[in-house]
Amino acid sequence: VKIVHPTTKGYNSYYDLKKIQKDIKKLLNQVKYRLFIDLEFSMPSYYQTMQHVPEILQYGILLDNDKGKTIFKDEALVRPQKYYSLNKRTLSFLNLDKKDFIHAVSYRDFYLLINEIIQKYDPKIIAWGKNDILTLEQSFRVNGVLDLDIRSRYIDLMQVIKNYYNIKNDLGLFNTYEKMAQIELEEQDHNAYMDAKIARSIYKTFKKQILNEK
């Protein structure tokens, strides 16, 4: 729980779990608006030889205010630029068909929605792991739009929980939820909105648990 180095004036602390836990509690207490986001994106086809650049194909978002009440939620499929983004491997993984994307929103619509939420509410953006945020940042360059400076407001919920409990291995979203909620989930499809809802539930349960600790 602590790594220190003795000096002539005392100790230099290199790692202190208690301080990390205190800082995490402080962070969660300071967060006001929270945008929970989950993305599904394209995968390389089985035969693709060129470098794969993922495109966002589905999003799910929930915006909570400082009271923990959801004041906005939305989900949609996103129409990709490249036709091969909707390859068999990706569609099979998402349990979708090409015809499902006939009425999908454009990437620009998705981008403008996220930008509007950021400008109006200045939220922390909370996701499970790094992949969604890295793909979101990459999408700005792929689509030639201005960077929304996601990194400065991003909270990796999985890493926060790992740091708090000093866990070394990555955590699964569903496994973590099952342990915290003490229920067993049925097998889930890969759906961005449902994953965002589960991340929100984990956040609320985790925050309640650690703030009630003595």
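Residues numbered from 1 in each chain as written. Predicted model: local features only at pLDDT ≥ 70, side-chain atom pairs only at ≥ 80, totals over all residues. Heavy atoms only, no water.

**Observations regarding the overall build of the chain**
Then comes step 1: Summing up its helical and strand segments, the chain has seven helices and seven strands in all.
Then comes step 2: Expressed along its principal axes, the backbone C-alpha trace of the chain runs to roughly 65 × 40 × 40 Å.
Then comes step 3: Expressed as a percentage of its 214 residues, the buried residues of the chain come to 43%.
Then comes step 4: Across the chain, the fraction of contacts at a sequence separation of at least 24, relative to all contacts at a separation of at least 6, is 69%.
Then comes step 5: In the form shown here, the chain has an accessible surface area of approximately 13300 Å², with 49% of it arising from carbon and sulfur atoms.
Then comes step 6: Computed over 34 positive and 27 negative side-chain charges, the inter-centroid distance for the chain is 8 Å. (Helix = DSSP H or I, 4+ residues; strand = E, 2+ residues; numbered from the N terminus. Buried < 20%, exposed > 50% of the residue type's maximum accessible area, 1.4 Å probe, protein only. Contact = heavy atoms within 4.5 Å. Areas by Shrake-Rupley, 256 points an atom, 1.4 Å probe, with all protein chains shown as cover. Lys, Arg positive; Asp, Glu negative; His and termini not counted. Charge placed at Lys NZ, Arg CZ, Asp CG, Glu CD.)

**Regarding the environment of Lys69**
Then comes step 1: Position of Lys69 relative to the elements: it lies in the loop between β4 (56-64) and β5 (70-77).
Then comes step 2: What makes Lys69 exposed here is its relative accessible area of 56%.
Then comes step 3: Along the primary structure Lys69 and Leu28 are separated by 41 residues, whereas in three dimensions their C-alpha atoms are 15 Å apart.
Then comes step 4: Not counting chain neighbours up to four residues away, the residues in contact with Lys69 comprise Leu63 and Asp64.

**Some points on the sheet that holds strand β3 (residues 34-41)**
Then comes step 1: Spatially, the five strands line up as an open sheet ordered β5-β4-β3-β6-β7, and their pairing is mixed. Because the sheet does not close on itself, it has two edges, and the strands there are β5 and β7 (154-156). Across this sheet, the average inter-strand angle for adjacent strands is 25°, counted without regard to direction. (Pairing = 2+ DSSP bridges. Axes fitted to C-alpha atoms, helices over the stretch in contact; angles between N-to-C directions.)

**A closer look at the nonpolar core**
Then comes step 1: Core analysis: the largest hydrophobic core is formed by 24 residues, its most contacted members being Tyr59, Ile61, Phe110, Ile114 and Ile150.
Then comes step 2: Elements with a minimum of two residues in this core: β3, β4, α3 (107-121), β6 (124-127) and α4 (131-142).
Then comes step 3: Ranked by residue count, the leading element in this core is α3, at seven residues.
Then comes step 4: Aside from chain neighbours lying at most four places away, what touches Ile61 is Leu35, Phe36, Ile37, Phe72, Lys73, Asp74, Leu113, Ile114, Ile117 and Tyr193.
Then comes step 5: Counting 21 residues, the second-largest nonpolar core is a separate cluster that includes Val31, Ile126, Trp128 and Met180. (Core = buried A, V, L, I, M, F, W, Y, C linked by side-chain atoms within 4.5 Å.)

**As for the packing of aromatic side chains**
Given two aromatic rings, one states the distance between the centres and the angle between the planes to describe the pair.
Then comes step 1: With the rule as written, the count across this model stands at ten aromatic pairs.
Then comes step 2: Here Tyr33 and Tyr121 contribute two aromatic rings whose centre-to-centre distance is 5.1 Å and whose plane-to-plane angle is 50°, an arrangement assigned as tilted. One end of the pair, Tyr33, is in the loop between α1 (17-30) and β3; the other, Tyr121, is in helix α3, and 88 residues separate them in sequence.
Then comes step 3: Geometrically, the ring pair formed by Phe36 and Tyr203 is edge-to-face, given 5.4 Å between the ring centres and 70° between the ring planes. Placement of Phe36 in strand β3 and of Tyr203 in helix α7 (residues 192-211) is noted, with a sequence separation of 167 residues between them.
Then comes step 4: A residue is classified by how much of its surface remains accessible, and Phe36, at 0% relative accessible area, is buried.
Then comes step 5: Within the aromatic cluster, the residues linked to one another by ring pairs are Tyr59, Tyr107, Phe110, Tyr111 and Phe140. (Phe/Tyr/Trp six-rings, centres within 6.5 Å; stacked < 30°, edge-to-face > 60°.)

**Some thoughts on a nonpolar patch on the surface**
Then comes step 1: A surface patch of nonpolar side chains, about 380 Å² in accessible area, is lined by Met50, Tyr83 and Tyr84.
Then comes step 2: For Met50, the position within the fold is in the loop between β3 and β4. (Patch = residues over 30% accessible without salt bridge, like charges linked within 9 Å, V, L, I, M, F, W, Y side chains within 5 Å. Salt bridge = Lys/Arg side-chain N within 4 Å of Asp/Glu carboxyl O.)

**Some details on the packing of α1 against helix α5 (residues 157-165)**
Then comes step 1: Closest axis-to-axis distance for the α1/α5 pair is 8 Å, and the angle between their directions is 140°. Relative to α5, α1 is oriented oblique. Handedness of the crossing formed by α1 with α5: left-handed. In this structure, α1 uses Leu17, Ile20, Gln21, Ile24 and Lys25 to contact α5, whose residues at the interface are Val160, Asn163 and Tyr164.
Then comes step 2: When its residues are assigned to classes, the contact of α1 with α5 shows five nonpolar, two polar and one charged. (Parallel < 35°, antiparallel > 145°, perpendicular 65-115°, else oblique. Left-handed = near helix turned anticlockwise from the far one by under 90°. Nonpolar A, V, L, I, M, F, W, Y, C, P; charged D, E, K, R; others polar.)

Everything listed here is a matter of geometry and, on its own, says nothing about what the molecule does.
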